[in-house]
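Close look at the chain arrangement
Single-letter residue listing:
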Amino acid sequence: MRSPTRSPAHSPTHSFTHSSVRTSAYDVVVVGGGIIGLVTAWRAALRGLRTAVADPDPGGGAARVAAGMLAPVTELHYGEETLLGLNLRSAERYPAFVAELAEASGRETGYRACGTLAVALDADDRSQLRELHALQLRSGLASEWLSGRDCRRLEPMLAPGVRGGLRVDGDHQIDPRRLAAALLTACERAGVAFHRARAARLSVVRDRAAGVVLADGAALGADQVVLAGGSLSGRLAGVPPAAVPPVRPVKGQVVRLTVPGRYAPFLSRTVRAVVRGGPLYLVPRENGELVVGATTEELGWDTTVTAGGVYELLRDAHELVPGITELPLTETCAGLRPGSPDNAPLLGPTVLPGLSLASGHHRNGVLLTPVTGDVLAAVLTTGELPPEAAPFTPLRFSPDGSAAPLTHSPVSVPASRERSV
Ligand code: GLY
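Presented here is an overview of the structure given in this document. (Residues numbered from 1 in each chain as written. Predicted model: local features only at pLDDT ≥ 70, side-chain atom pairs only at ≥ 80, totals over all residues. Heavy atoms only, no water.)

1. So, the packing of helix H2 (residues 81-105) against helix H5 (residues 176-189)
The description of two packed helices rests on the angle between their axes and on the distance between the axes. Selection criterion: Orientation is described by axes fitted as lines to C-alpha atoms, over the contacting stretch for helices, and by angles from 0 to 180 degrees between their N-to-C directions. The helix and strand labels rest on DSSP assignments: H or I over at least four residues marks a helix, E over at least two residues marks a strand, and numbering proceeds from the N terminus. Roughly parallel covers angles under 35 degrees, roughly antiparallel covers those over 145, roughly perpendicular covers 65 to 115, and oblique covers all other angles. Less than a right angle of anticlockwise turn of the near helix away from the far helix marks a crossing as left-handed, whereas a clockwise turn marks it as right-handed. Two residues form a contact once any of their heavy atoms are found within 4.5 Å. Any residue that is not Ala, Val, Leu, Ile, Met, Phe, Trp, Tyr, Cys, Pro, Asp, Glu, Lys or Arg is counted as polar, Gly included; the first ten are nonpolar and the last four charged.
The geometry of H2 relative to H5 is characterised by a closest axis approach of 8 Å and an angle of 55° between their N-to-C directions. When the interaxial angle is binned, H2 and H5 end up oblique. Of the two elements, H2 crosses H5, and the hand of that crossing is left-handed. Only Leu179, Ala182, Leu183, Thr185, Ala186 and Arg189 of H5 make contact with H2, whose side of the interface consists of Tyr94, Phe97, Leu101, Ala104 and Ser105. Of the residues that constitute the contact of H2 with H5, the class distribution is 8 nonpolar, 2 polar and 1 charged.

2. Some words on the site of the ligand
Rules: Residues are classed as near a molecule or strand on a simple rule: at least one heavy atom within 4 Å of it. Any pair of N or O atoms that falls within 3.5 Å is considered a polar contact. Within protein, one atom must be able to donate a hydrogen and the other to accept it, and sequence-neighbouring residues count only if both atoms are side-chain atoms. The accessible surface values rely on the Shrake-Rupley method and a 1.4 Å probe; as for residues, cover is taken only from the protein chains in view.
Around the ligand, the neighbouring residues are Met69, Glu75, Tyr281, Ala294, Arg337 and Arg363. Arg337 places a side-chain nitrogen or oxygen 2.7 Å from an oxygen atom of the ligand. At 2.8 Å from a nitrogen atom of the ligand is found a main-chain nitrogen or oxygen belonging to Arg363. Across the complex, the protein chains shield 88% of the 200 Å² of accessible surface that the ligand would expose by itself.

3. A word on unusual backbone geometry
Trans is the common state for peptide bonds, and a negative phi is the common state for residues other than glycine. For the bond running from Ala264 to Pro265, omega is -5°, close enough to zero to count as cis. Relative to the helices and strands, Pro265 is located in the loop between strand S13 (248-258) and strand S14 (270-275). With an omega of -15°, the peptide bond running from Gly293 to Ala294 counts as cis. Examined against the element boundaries, Ala294 turns out to sit in the loop between strand S16 (289-293) and helix H6 (307-320). A positive phi angle, near 65°, is found at Asn343, a position not held by glycine. As for its position among the elements, Asn343 is in the loop between strand S17 (329-339) and strand S18 (346-349). Here the phi dihedral of His362 falls at roughly 50°; this positive angle occurs in a residue that is not glycine. Mapped onto the fold, His362 is located in the loop between strand S19 (355-359) and helix H7 (369-382).

Below is the structure:
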């Protein structure tokens with residue numbers, strides 16, 4: 001184990017070596033150093049809690065792969081209206097969140113208020129998009145139907161065959177790699193300790209979570225433990241079966257292209273479509289990177305980048321924006337979304353006292369980062385799940401049915417997202 005980096009002001013209450021077992025005591029140990037674990041640790045440390053993160057490679061995880069769309073409106077799905085409410089809340093917090101993070105870390109995150117255009121390539125796509133539009137309007141969201149010609153006027157690189165689309169000016173983007181780097185620095189500056197090893201086992205003392213034992217044998221004692229290990233969150237040994245989060249890996253492959261200066265601006269906003277039944281998106285960054293994603297594959301822990309996956313992404317992206325074949329291909333990668341049974345996150349206390357979850361964010365981990373940090377900070381300091389997160393309690397999956405499953409609840413739409421008619 002490398003020495004934890006922390007400021008003296010936040011030193012653990014005790015730290016000693018006995019035989020081969022080293023023990024540290026914290027208020028909070030966060031298992032997992034992806035963006036969800038990091039935002040949880042940062043927010044906890046800012047509330048004055050002595051906080052540690054256990055992860056062999058903090059700042060890694062699914063955010064290394066994600067495109068970083070902040071798209072509650074264009075990623076809306078039937079039956080996910082309750083999740084929409086949380087997604088909108090988090091999107092609304094993003095500008096203040098990135099400003100605070102930039103101040104705390106000295107790093108920018110590539111947040112870009114660029115808007116999104118969701119387009120249809122054929123008659124089937126168009127009727128699907130019309131249904132999405134109707135759902136958006138029923139939910140009170142701002143979304144404008146455009147003809148194919150108007151879509152191309154906005155984005156001249158679109159294929160001539162585009163049949164129409166939805167203009168959503170409130171769905172933006174961030175660069176998840178830069179977000180992770182900024183959160184890592186903010187955590188370090190706030191005195192979070194990093195233990196760069198895998199958490200192997202939860203310690204349970206007198207029916208309460210009491211810390212974790214790392215793969216290198218070090219024991220980290222803590223009053224509270226947060227499982228924030230993304231798709232791996234269900235694999236920590238020692239968690240009682242009733243508290244094991246029902247998360248699974250959902251593979252996504254992504255390719256990255258570069259737009260040479262002479263082609264800029266290639267796309268001015270995120271462009272999405274449903275092609276052959278699967279979602280496709282092109283996310284243009286200000287630095288010239290163009291991220292094309294993503295496959296959705298239920299293949300367990302496999303993270304192979306396949307010829308078929310890359311072929312399908314490029315084939316579909318080419319149908320949408322033919323000019324992409326001119327662009328240098330700079331990277332291919334695959335990651336694992338933490339899928340949950342109802343596609344919504346698991347936030348807050350579990351049936352085991354002292355053990356909380358921040359996991360199961362599935363397609364919305366980047367979008368839900370600000371609200372997750374706020375919710376977990378409240379949980380860790382008050383023991384209570386704030387009302388905005390009540391539907392996302394992990395107890396909705398507990399075997400004794402101690403909480404109801406996610407039900408549709410009225411969505412409160414921020415003024416900036418409301419449709420104007
Ligand atoms: N939110 C985009 C994806 O999961 O592919």
